[in-house]
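# Inside the fold
The primary structure of each chain is shown beneath.
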Amino acid sequence: LAACGGGGGGGGSGSGSLSVSLTDGQSCTYDEVFVTIEKVRVHRSGSAAENASGWEELVLSPALRVDLMDLRNGVFEPLGTLPLEAGSYSQVRLVLAENGGSAPYANQLTVGNDDIPLTTPSSQQSGLKLNVQMTIVAGETAELVLDFDPCKSVVKAGNSGNYNLKPVITGYFEEVSAIAGTVANGAFVSAQVDGETVKSTVAAADGSFVLWPMVAGTY
């Protein structure tokens, strides 16, 4: 398991870069949850609007369609590396592709043999806004990990049989901890505090599991 971390200080002058990857730190009972990523946008200001100047973009060409269910237990999907001027950055936007008219959809929930499109609210077409304090140091590559939580992001729309995608994503820039080990194949593993589950997963085929990210403490 590779930790993610950024440099300290003010960044100095010159250029560095930001490496971005995606993971799923939770456990759900869905068969598949696909999302398709078009861009990662970065800005120095946490309040910068969508059309403001100063945005830097990591464009995925072609757009990357990934099953979040494959990104558990410490698996990371690299999205790419973005050159940036040294300094502080406060806002990240993850831009998802729009669904087409038929399956397979760009953003899709699979339950059994049913491919169900995930409808993304129009307010998020400009990208899901994340406030992440990052410092890019000249001559170095910092790492940003986006933890996409399908358990909270997939929302059933009443009794219509439709589902909405309301992305819940946390960006991790500073180094974080993990709990890892080996148990029975397919076992459900959770870290709890006073009986309340903080993080959970299902062990992989070889029995290995990783609970990430974890705040240092006693579980």
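Just above sits the structure.
Presented here is a report on the structure given in the accompanying data block. Computed from a predicted model, the values in this text were never measured in an experiment.

### Here we look at the sheet that holds strand 4 (residues 77-85)
- Strand order in this open sheet of four strands is 4-1-9-12, and the pairing throughout is mixed. At either end of the open sheet lies a strand with only one pairing partner, and these are strand 4 and strand 12 (169-172). Strand-to-strand twist across the sheet, computed as the mean angle between neighbouring axes with direction ignored, equals 20 degrees.

### Looking at unusual backbone geometry
- Look at the link from Ala103 to Pro104: it is a cis peptide, with omega at -5 degrees.
- By the secondary structure assignment, Pro104 is in the loop between strand 5 (87-96) and strand 6 (108-111).
- We note that Asn73 has phi near 60 degrees; this positive angle belongs to a residue other than glycine.
- For Asn73, the position within the fold is in the loop between strand 3 (56-67) and strand 4.
- By relative accessible area, which is 16% here, Asn73 ends up buried.
- Despite not being glycine, Asp194 shows a phi value in the positive range, around 55 degrees.
- Position of Asp194 relative to the elements: it lies in the loop between strand 14 (188-193) and strand 15 (196-202).

Criteria and cut-off values
Residues numbered from 1 in each chain as written. Predicted model: local features only at pLDDT ≥ 70, side-chain atom pairs only at ≥ 80, totals over all residues. Heavy atoms only, no water. Pairing = 2+ DSSP bridges. Helix = DSSP H or I, 4+ residues; strand = E, 2+ residues; numbered from the N terminus. Axes fitted to C-alpha atoms, helices over the stretch in contact; angles between N-to-C directions. Buried < 20%, exposed > 50% of the residue type's maximum accessible area, 1.4 Å probe, protein only.

Structural measurements only, silent on function.
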